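# Analysis of the macromolecular model
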Amino acid sequence: VEAVNPIGSGDSLTAGILVGHFVRGLTVPEAVRLGTATAAANCLSLTSGVVNEADVERLLEQVQME
């Protein structure tokens, strides 16, 4: 993504992983994918820690683990 504001992306990554694993019941690798998409979505917002769920879902499709 082309970052608008990366502040808060680390916190967004952590939140995405925790929500993915403990709330949605995802495996750890899948939760890390969600966290990565959440952090990337955070970069698209002018306000730190504001994440658009549609952005997360769109970006999640692009996150690949190797």
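Here, the structure is the one placed above.
None of these values were measured; they are calculated from a predicted model.

## Some points on a nonpolar patch on the surface
Taken together, the side chains of Leu18, Val19, Phe22 and Val23 define a hydrophobic patch exposed on the protein surface, amounting to about 420 Å² of accessible area. Positionally, Val23 belongs in helix α1 (residues 9-23).

## Considering the side chain of Ser45
Positionally, Ser45 belongs in the loop between α2 (28-42) and α3 (53-60). In terms of polar contacts, Ser45 uses its side chain to reach the backbone carbonyl oxygen of Thr47, at 3.2 Å. Ser45 has contacts with Val4, Asn5 and Val50, leaving out every residue within four places of it along the chain.

## Considerations on the nonpolar core
By size, the foremost hydrophobic cluster in this structure holds seven residues: Leu34, Ala37, Ala41, Val56, Leu59, Leu60 and Val63. Counting residues per element, the ones that place at least two in this core are α2 and α3. For Leu34, the residues in contact, after removing those within four places along its chain, are Gly16, Gly20, Arg24, Leu26, Val56 and Leu60.

## Regarding the environment of Ser45
Given the relative accessible area of 14%, Ser45 is considered buried. Between the C-alpha atom of Ser45 and that of Leu13, which follows or precedes it by 32 residues, the distance is 15 Å.

## Re α3
Inspection of α3 places Asp55, Val56, Leu59 and Leu60 among the buried residues, and these make up the whole buried set. What you see down the axis of α3 is that its buried residues fit within an arc of 130°, all on one side. Exposed residues on α3 whose side chains face more than 90 degrees from its buried face are Glu53 and Ala54. Taking the backbone nitrogen of Ala54 as reference, a side-chain oxygen 2.7 Å away marks Asn52 as the first, capping residue of α3.

Cut-off values and rules
- Residues numbered from 1 in each chain as written.
- Predicted model: local features only at pLDDT ≥ 70, side-chain atom pairs only at ≥ 80, totals over all residues.
- Heavy atoms only, no water.
- Patch = residues over 30% accessible without salt bridge, like charges linked within 9 Å, V, L, I, M, F, W, Y side chains within 5 Å.
- Areas by Shrake-Rupley, 256 points an atom, 1.4 Å probe, with all protein chains shown as cover.
- Salt bridge = Lys/Arg side-chain N within 4 Å of Asp/Glu carboxyl O.
- Helix = DSSP H or I, 4+ residues; strand = E, 2+ residues; numbered from the N terminus.
- Polar contact = N/O pair within 3.5 Å; in protein donor to acceptor, adjacent residues only side chain to side chain.
- Contact = heavy atoms within 4.5 Å.
- Core = buried A, V, L, I, M, F, W, Y, C linked by side-chain atoms within 4.5 Å.
- Buried < 20%, exposed > 50% of the residue type's maximum accessible area, 1.4 Å probe, protein only.
- Arc of directions from axis to C-beta.

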